[in-house]
Structures are given as C-alpha cells and as structure tokens.
Amino acid sequence: MTADNQLDVWEVFMQSKPGANYIHAGSIHASDKQMALQNARDTYSRRGEGTSIWVVPSSAIVASNPEDNGMFFDPANDKIYRHPTFYVMPEGAKAI
Amino acid sequence: MEQAQETLLREFEEKIECGFAIEPKDKMPAGYRKHLVRQMSQHAHSEVIGMQPEGNWVTRAPSLRAKQILLAKIQDEGGHGLYLYSAAETLGVSRDELIEQLHTGKAKYSNIFNYPALSWADIGAIGWLVDGAAIVNQVSLQRTSYGPYSRAMVRICKEESFHQRQGYEIMAKMMAGTADQKAMAQDAMNRWWWPSLMMFGPHDSDSPHTGDAFRWKIKRHSNDELRQKFIDKTVQQAEVIGLTIPDKDLKWNEEKKCYDHGEINWEEFYRVIGGDGPCNKQRMEHHIRVHNEGAWVREAAEAYSAKQQYSKNA
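This is a predicted model, so every value here is computed, not measured.

Cut-offs applied
- Residues numbered from 1 in each chain as written.
- Chains lettered and ligands numbered in written order.
- Predicted model: local features only at pLDDT ≥ 70, side-chain atom pairs only at ≥ 80, totals over all residues.
- Heavy atoms only, no water.
- Helix = DSSP H or I, 4+ residues; strand = E, 2+ residues; numbered from the N terminus.
- Rg over C-alpha atoms; globule rule 2.2 N^0.38 Å.
- Buried < 20%, exposed > 50% of the residue type's maximum accessible area, 1.4 Å probe, protein only.
- Contact = heavy atoms within 4.5 Å.
- Areas by Shrake-Rupley, 256 points an atom, 1.4 Å probe, with all protein chains shown as cover.
- Lys, Arg positive; Asp, Glu negative; His and termini not counted.
- Charge placed at Lys NZ, Arg CZ, Asp CG, Glu CD.
- Pairing = 2+ DSSP bridges.
- Axes fitted to C-alpha atoms, helices over the stretch in contact; angles between N-to-C directions.
- Arc of directions from axis to C-beta.
- Parallel < 35°, antiparallel > 145°, perpendicular 65-115°, else oblique.
- Left-handed = near helix turned anticlockwise from the far one by under 90°.
- Salt bridge = Lys/Arg side-chain N within 4 Å of Asp/Glu carboxyl O.
- Polar contact = N/O pair within 3.5 Å; in protein donor to acceptor, adjacent residues only side chain to side chain.
- Buried area = accessible area lost by both parts, 1.4 Å probe.
- Core = buried A, V, L, I, M, F, W, Y, C linked by side-chain atoms within 4.5 Å.

A.B. asks: Any details on the overall build of chain B? Residues and values, ideally.
C.D. replies: Along the backbone of chain B there are 13 helices and two strands. Computed over its C-alpha atoms, the radius of gyration of chain B comes to 21 Å, within 12% of the 20 Å expected for a compact globule of 314 residues. For chain B, the spread of C-alpha atoms along the principal axes amounts to about 70 × 55 × 35 Å. The buried share among the 314 residues of chain B stands at 51%. Counted over contacts in chain B with a minimum sequence separation of 6, partners at least 24 positions apart contribute 77%. Accessible area of chain B: about 15700 Å², with a carbon and sulfur share of 55%. Charged side chains of chain B number 40 positive and 43 negative; the gap between the two group centres comes to 5 Å.

A.B. asks: Explain the sheet that holds strand β1 (residues 8-15) of chain A to me, using residue names and the numbers behind them.
C.D. replies: All names here are of chain A. Strand order across the open sheet formed by three strands is β2-β1-β3, with antiparallel pairing between neighbours. Of all strands in the sheet, those bounded by a partner on one side alone are β2 (22-30) and β3 (52-57). Each strand of the sheet is rotated relative to its neighbour by a mean of 30 degrees, with strand direction disregarded. Pairing geometry for β1 and β2, over eight bridges, is antiparallel. Bridge pairing links Q15 to Y22 in β2.

A.B. asks: Describe helix α11 (residues 266-276) of chain B, naming the residues involved and giving the relevant values.
C.D. replies: In an α-helix there are 3.6 residues to a turn, and that puts residues three or four apart on one side. All names here are of chain B. Buried within α11 are the following residues: W266, E268, F269 and V272. Seen along its axis, α11 keeps its buried residues to an arc of 160 degrees; they face one direction. More than 90 degrees from the buried face of α11, the exposed residues found are E267 and G274. Lining the buried residues of α11 we find α8 (179-198), α10 (223-241) and α12 (280-293).

A.B. asks: Got a sec to walk through the packing of helix α5 (residues 95-104) of chain B against α12 of chain B? Specific residues and values, please.
C.D. replies: All names here are of chain B. Close contact between α5 and α12 brings their axes to 10 Å; oriented N to C, the two are set at 140 degrees. The pairing of α5 with α12 is recorded here as oblique in orientation. Crossing geometry of α5 relative to α12 is assigned as left-handed. Residues I99, L102 and H103 of α5 touch α12, and the partners they reach there are M284, H287, I288 and H291.

A.B. asks: Tell me what's going on with the pattern of salt bridges, and back it up with residues and numbers.
C.D. replies: Counting across every chain of the model gives 23 salt bridges over all chains. For the salt bridge of R46 of chain A with E159 of chain B, the shortest nitrogen-to-oxygen distance reads 2.9 Å. Taken together, the residues span two chains, with R46 of chain A in the loop between α1 (33-44) and β3 and E159 of chain B in helix α7 (residues 147-175). Three or more residues joined by partner-sharing salt bridges are found here, namely R46 and R47 of chain A together with D76 and E159 of chain B.

A.B. asks: Lay out the side chain of E89 of chain B with the relevant residues and their values.
C.D. replies: Relative to the assigned elements, E89 of chain B resides in helix α4 (residues 64-89). Here E89 of chain B falls in the buried class, since its relative accessible area comes to 15%. In this structure the side chain of E89 of chain B is engaged in a polar contact, spanning 2.7 Å, whose partner is the side chain of H29 of chain A. Residues contacting E89 of chain B, with those up to four places away along its chain left out, are V9 and H29 of chain A together with S94, R95 and L98 of chain B.

A.B. asks: Requested: an account of the interface of chain A and chain B, with residues and values cited.
C.D. replies: Residue-level contacts link 24 residues of chain A with 25 residues of chain B. When the two sides are added together, the surface that chain A and chain B hide from each other amounts to roughly 2200 Å², 43% of it contributed by carbon and sulfur. For the chain A face of the interface with chain B, the top three residues by lost area are Q6, R46 and R47 of chain A, together amounting to 25%. In this structure, the connection of chain A to chain B is made through five salt bridges.

A.B. asks: Got a sec to walk through the nonpolar core? Specific residues and values, please.
C.D. replies: When a protein is soluble and globular, its nonpolar side chains tend to lie buried together. Residues and elements named next belong to chain B. One finds W120, L129, M171, W192, W193, F230 and L243 to be the most contacted residues of the largest nonpolar core, which totals 51 residues. In terms of residues, this core owes the most to one element, helix α6 (residues 120-141), which gives 10 residues. Those residues in contact with L129 that sit more than four places away from it in its chain are M189, W192, W193, S196, F230 and T234. Among the nonpolar cores identified, the runner-up in size contains 38 residues, and Y85, L98, M153 and I156 belong to it.

Here it is as structure tokens:
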C-alpha cells in the first residue's frame, strides 16, 4: 500500500479458449481477489478476449534475473542425447 | 565507475541495434528509463483526459445507438489509459506518482484535449481525426523497443480502428444530411484539422527529444513522417464525404507522391501547451476533483480487504 492508496498491483493471465495456454495480459490494481478478477475482466476482456482469467498479486511473482541468463538458460547443447535424432533406430522399423 | 557505465551503455545499445526488446528487469541507461516514463505516462494521461470532451456528449447523444457506441468508446479510452499506466509502472514508478505528476503539471497530456467538443459533429471529428492521428502514431509504436510498451500498443491498435470508423460514420451521416448538419460537420472539421496535425509534435528540425529516442528505438518514425502519413490517408476520406480540408495550400505533390500542406500555427501549439488553451484549466480541475471525490471508494476497498484479512486470521 502506498501514500494515496492506489491499491495493490496484480498480474493478469488470460486463457483465450479452453485448452489454450494462459498468457500474461498486463496488470491491474485491486484491494482483494474479487475486485482483481472484476477489474481484470473489465480491463483486458471487453471483446471476448478470454474465457478464463488468473490474477496473481505482483508481489508473489518470482522472476529470473536477466544477468543470470547465460548460465540459467544454458541450452546444454552437449547433451545431444536429449534429442530424438541422437538414437539409432533399427533398419525397417516404422512409425517411430 | 564511469567505465562500467560506458560498458553498460555500449552493451545496451548493441542489444537495441540487434533488434532485441528491452524488458523491465534488463539493465537500461537512466536516460532510457526517464524518456519512457515521460512518454508512456503522457500517453496514459492523454487516454484518460481524452475521456472528458467525449463524456460531455453522453447525455446528449442523438440516439440510443449513438449513446451506446460513445459509452463503449469512452470505456475503451479508460482501458487504454490503464494498459499504459501498468506498462509504465514496470519501470518502477508508482501509479500515485504518475497521477501526482499529472496534477502538479510535471507530466503533460496530449494538447488536443485542451480543445472543447462544441457540437455532436465534434464527436465525429474526434473519432475520425484525433483517433485517426493517434492510430498512425500508435501503429508505429507497436515496434518500440520497450517490451511492455510495445505490447500495450498492439492491444490498443486492435481497438482503435473501431473508434476511428465510428467517428467517420458520424461525419459521413451528417454530410448526407441537411444543410445545417453539413455546416456543422464542416465547422468541426475546420476546428479539429489543425490541432490534429499538431498532435504529431514539432517539426523534426525543432524536436528536442528525437536523438536518443531514435537511437534507442523508442521512436521508430519522425513527427513529420507520421504527420505526412496521416494527411495522405485523410484527404481522400474527406473528399469522399464532401468535406473541405481547411488548408488553402494543401495540394498533391506529384514528384514526392504526397500532399504538401500549409504552415502549422506553432505559436498556438506552444501557447496551448503552456496552459493557455480553451480547456486546460477545466480538464485538470475535473481530474483532480474526481480523483479526490473518489478517495473514499479506495479507502472503503482497503478497509474491506483489511477486514477480510482480519477475520481469516482470527
């Protein structure tokens, strides 16, 4: 909470249709869960953009640090056995 | 220390050069952050203040259809303000600070909203010309280098085309109406044309912020380029419905394949920015009053939340 109580910040994730991934839409301000959902709907789904919404207090989000990207997201290209093409299939085997 | 700063700046500019987007937790020069907060908050404030000239006509819209459309449009403008505020907040500035900067005059909003919406035709002109000019700018900004700003722009552009079309429809209807209606539409055109051209800002040769903004890919097209794009596509639309562009020097330049236009009254532009426009005082007083009158709602929401918290812990 801040000086002029503009309420807490929440992150909004929206699913466009059942079966789709939830995608970050943006953020909103709200004082509680119910208001957060309502504001998220009003702000990010005025034209049927979503069929389901998650709201999460921004303070609860843990994010990786860009400075650690090199190590953190090392593609481990030396571990070629993680890829299906690494394996030798017997001659004549089908649908594998 | 200084060397570290230089290395940081060089790495940042290389990233920009390669076309990478910048995200909130990335290292960025203080100047980049400052430029973005200034530009994004000005943009957000414009969306919100822009609700006022239109709100003026909600109770007097000429039909239920027109009223519903106007309400939906105003709600969108509020939504656009919220997208932009939340994108600006990712840079570490709070909503309170942004609103305070607006109220103290430290932050600006688009000059265009210091002009009044005098007749129903003005609602048409605002949608068609003002939103039309805004779209040209916003389409360009979809490729701005700061990720959250760019994403907000993509979302806004999807919604703006409804705004422009509803405005043009109002103008077209009036131009197909009685002599009085036609005169009203032409009068709105005469008053909104030049301020709409001013929305793109000073000529490139006089624009104080452009250097860094271009190098850092915050801005992707210059003020004059965007203004030209707007003029070139709007002239034909005016002709189709029989409106005259109030510029006697406007003519097609066959060599450059674009319209040449007359001199913009920059004196008026700077005078209105400086606070001496028809509605500056009214717009700001209204925003401050509504903000203060709404304080009890925010307090009640906080109290309700605290009470829920308390009963959960008890």
